Amino acid sequence: MALSFYLKALIPELPENHVAAGFIILFTLLHSKSIKSGTRFQDISTVLKVGLIVVFIISGFWAKETIDIQLLPQKESWNEIFSAPFVGALVFVSYAYTGWNSSIYIVGEIDKPSNLRKSLFIGTAIVLLLYLFLN
């Protein structure tokens, strides 16, 4: 639904529900073809996402203008904190915390299930570092 929502911003004529259903069918076919095709797609999309985050991190070091940030909310900030756009933005924050445990969903497909613990720790560390540097 989020993908179709953002695509609709680019192409307003697109029906959101049809686009979302189409992508679900497309990804289902891709993953049901073989484990290798699904793995390849996941690898490529992950590299693209992490690469974009790294580009954002690097570009932050070249920012010429800085903004003074208050760590604690000011008196006038409370209206913004309880506004609908702020609450809506928190949905995307929750996505940052989902998936850290996704390794357990595919443990039956892993050649060496003993690597599960290692993948959880390494994956969590990578995400933690990316978000830390991004912020």
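See the structure shown above.
In short, a report on the structure. (Residues numbered from 1 in each chain as written. Predicted model: local features only at pLDDT ≥ 70, side-chain atom pairs only at ≥ 80, totals over all residues. Heavy atoms only, no water.)

Things to note about the overall build of the chain
Then comes step 1: When helices and strands are counted, the chain shows 6 helices and 0 strands.
Then comes step 2: Secondary structure elements in the chain, listed N-terminal to C-terminal, are α-α-α-α-α-α.
Then comes step 3: Over its C-alpha trace the chain gives a radius of gyration of 19 Å, far above what one expects of a compact globule, namely 14 Å for 135 residues.
Then comes step 4: When burial is assessed residue by residue, the chain has 8% of its 135 residues classed as buried. (Helix = DSSP H or I, 4+ residues; strand = E, 2+ residues; numbered from the N terminus. Rg over C-alpha atoms; globule rule 2.2 N^0.38 Å. Buried < 20%, exposed > 50% of the residue type's maximum accessible area, 1.4 Å probe, protein only.)

As for the packing of aromatic side chains
The geometry of an aromatic ring pair comes down to the distance between the two centres and the angle between the two planes.
Then comes step 1: All chains considered together, the criterion is met by 4 aromatic pairs.
Then comes step 2: For the ring pair Phe-23 and Phe-27, a centre distance of 5.9 Å and an interplane angle of 40 degrees mean the geometry is tilted. Remark: Phe-27 and Phe-23 occur in helix α2 (residues 16-33); sequence separation between them is 4 residues, near one turn of the helix.
Then comes step 3: When the ring of Trp-78 is compared with that of Phe-82, the centres are 6.0 Å apart and the planes differ by 20 degrees; the resulting orientation is stacked. (Phe/Tyr/Trp six-rings, centres within 6.5 Å; stacked < 30°, edge-to-face > 60°.)

Regarding the environment of Phe-61
Then comes step 1: Of note, Phe-61 is situated in helix α3 (residues 35-61).
Then comes step 2: When the C-alpha atoms of Phe-61 and Glu-16 are compared, they prove to be 37 Å apart, with 45 residues separating the residues in sequence.

Quick word on the environment of Leu-132
Then comes step 1: Structurally, the position occupied by Leu-132 is in helix α6 (residues 116-134).
Then comes step 2: Owing to a relative accessible area of 57%, Leu-132 belongs among the exposed residues under this scheme.
Then comes step 3: Linking Leu-132 and Ile-57, residues 75 residues apart in sequence, is a C-alpha distance of 9.7 Å.

A short note on α3
Each full turn of the α-helix corresponds to 3.6 residues, which orients residues three or four apart in the same direction.
Then comes step 1: With 27 residues, α3 should reach 39 Å at 1.5 Å per residue; the first-to-last C-alpha distance of 39 Å fits that figure.
Then comes step 2: Buried within α3 are the following residues: Ser-37, Gly-38, Ser-45 and Ile-57.
Then comes step 3: Buried residues belonging to α3 abut α2 and α6. (Expected span 1.5 Å × (residues − 1). Contact = heavy atoms within 4.5 Å.)

A word on the side chain of Ser-4
Then comes step 1: Inspection of the secondary structure assignment puts Ser-4 in helix α1 (residues 2-10).
Then comes step 2: A distance of 3.3 Å separates the side chain of Ser-4 from the backbone oxygen of Glu-16, its partner in a polar contact. (Polar contact = N/O pair within 3.5 Å; in protein donor to acceptor, adjacent residues only side chain to side chain.)

Considerations on a nonpolar patch on the surface
Then comes step 1: A cluster of nonpolar side chains, contributed by Leu-52, Val-55, Phe-56, Val-127, Tyr-131 and Leu-134, occupies part of the molecular surface with about 520 Å² of accessible area.
Then comes step 2: The set of elements that each furnish at least two residues to the nonpolar patch consists of α3 and α6.
Then comes step 3: Take Val-55: it is sitting in helix α3. (Patch = residues over 30% accessible without salt bridge, like charges linked within 9 Å, V, L, I, M, F, W, Y side chains within 5 Å. Areas by Shrake-Rupley, 256 points an atom, 1.4 Å probe, with all protein chains shown as cover. Salt bridge = Lys/Arg side-chain N within 4 Å of Asp/Glu carboxyl O.)

Observations regarding the packing of α2 against α3
Then comes step 1: Between α2 and α3, whose axes approach to 5 Å, the crossing angle comes to 125 degrees. Overall, the two elements α2 and α3 adopt an arrangement that is oblique. Together, Phe-27, Leu-30, His-31 and Lys-33 of α2 and Ser-37, Gly-38, Phe-41 and Gln-42 of α3 make up the contact between the two elements.
Then comes step 2: When the residues that make up the contact of α2 with α3 are grouped by side-chain class, the tally is 3 nonpolar, 4 polar and 1 charged. (Axes fitted to C-alpha atoms, helices over the stretch in contact; angles between N-to-C directions. Parallel < 35°, antiparallel > 145°, perpendicular 65-115°, else oblique. Nonpolar A, V, L, I, M, F, W, Y, C, P; charged D, E, K, R; others polar.)

Side note on the packing of α1 against α2
Packed helices, taken two at a time, are described by their axes: the angle between them and the distance between them.
Then comes step 1: Look at α1 against α2: their axes get within 8 Å of each other, and the N-to-C directions meet at 130 degrees. With respect to each other, α1 and α2 are oriented oblique. Handedness of the crossing formed by α1 with α2: right-handed. For the pair α1 and α2, contact is made by Leu-3, Ser-4, Phe-5, Leu-7 and Lys-8 and by Glu-16, Val-19, Ala-20 and Phe-23, respectively.
Then comes step 2: For the contact of α1 with α2, a count of residues per class yields 6 nonpolar, 1 polar and 2 charged. (Left-handed = near helix turned anticlockwise from the far one by under 90°.)

These results come straight from atomic positions and should not be treated as a statement about function.
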